[in-house]
Amino acid sequence: MKRWIGPGLAVIAALAAGWLWRDNRRLRAELAARAPSAADPWRADAAAAPDADAGGGNRLTAILGRRKLAGSGPRPTLDPPAPESRLERRLRRQERTAELLGRGPDESEADYKARVLPLLDLMIGGRRAEVVDLRRSVEEAAGVTDAQRAELDAAFEHVYDEAVAFTNTAIADGSLTPYERNVTGAMQVVGGLGSILEGAQGRIGSILRPEQVQAIAASGFEWGEYLALTAPWNRLSAPPPRPQ
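## Focus on the packing of helix α3 (residues 86-101) against helix α4 (residues 109-142)
The packing of two helices is summarised by the inter-axis angle and the distance between the axes. The geometry of α3 relative to α4 is characterised by a closest axis approach of 10 Å and an angle of 115° between their N-to-C directions. It follows that α3 is roughly perpendicular to α4 by the angle criterion. Contact residues: E99, L100 and L101 in α3; Y112, R115, V116 and L119 in α4. Its residues assigned to classes, the contact of α3 with α4 comprises five nonpolar, no polar and two charged.

## Quick notes on the pattern of salt bridges
All told, the structure shown has 14 salt bridges when counted by the stated rule. The salt bridge involving R115 is made with E107; its shortest N-O contact spans 2.9 Å. Since its relative accessible area comes to 17%, E107 is described here as buried. With a closest N to O distance of 3.1 Å, R136 and D133 form a salt bridge. Here R136 pairs with D133, and both are found in helix α4, just three residues apart, close to one helical turn. Here D133 falls in the partly exposed class, since its relative accessible area comes to 46%. If you follow the salt bridges from partner to partner, you end up with R135, E139, D146, R149 and D153 in one network.

Quick notes on the rules
Residues numbered from 1 in each chain as written. Predicted model: local features only at pLDDT ≥ 70, side-chain atom pairs only at ≥ 80, totals over all residues. Heavy atoms only, no water. Axes fitted to C-alpha atoms, helices over the stretch in contact; angles between N-to-C directions. Helix = DSSP H or I, 4+ residues; strand = E, 2+ residues; numbered from the N terminus. Parallel < 35°, antiparallel > 145°, perpendicular 65-115°, else oblique. Contact = heavy atoms within 4.5 Å. Nonpolar A, V, L, I, M, F, W, Y, C, P; charged D, E, K, R; others polar. Salt bridge = Lys/Arg side-chain N within 4 Å of Asp/Glu carboxyl O. Buried < 20%, exposed > 50% of the residue type's maximum accessible area, 1.4 Å probe, protein only.

Any functional reading would require information beyond the geometric quantities listed.
Below is the structure:
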């Protein structure tokens, strides 16, 4: 079952990683769009004062002899930020996960899916297309017939239904929640999904001949990765709104 855990964790982690990437890109865009303040007295590249000798002379500069005014000194500096503790870093990351995968108090399920599903597709859509093409090529090399392929697809539909129903139950009862750290609950969900996907191996072995199963395995193709990436995760329910 261990080899099924990796793809499951990858799908869960992809959402959080994708949101962090999108949030970082948004902050960079805001920073780039923010025009520097012309009134900032501490900018090193601020326009220099006009030369006293170039424009007919500056009376005040001539009187002071280009000396610094009394009280001038080095630029003020801010104290360096306090180092972030492990707990603070963990809480910050958990809050970001809640903002990404959590559901707003006035956010409908349709609005939630419209916000989250494009991000999921962005993160795994490319890899999903790759494993679909890879499956087709390894099946052709292994001599899988159209009838066998249709049987596999029908078996996978049952696996998908079971996996989505299991995950929706975990979302509803709070075992899988974006609002708090629940490592035990998340691992139980991943383990349960692994058991469901593991059952697909028996169905595959009953449809394909042993030499076909061996040829596909020797190619490096992983049925677990294929099922995890092609499952209809868009059928998952939205989590409940964040508890107040």
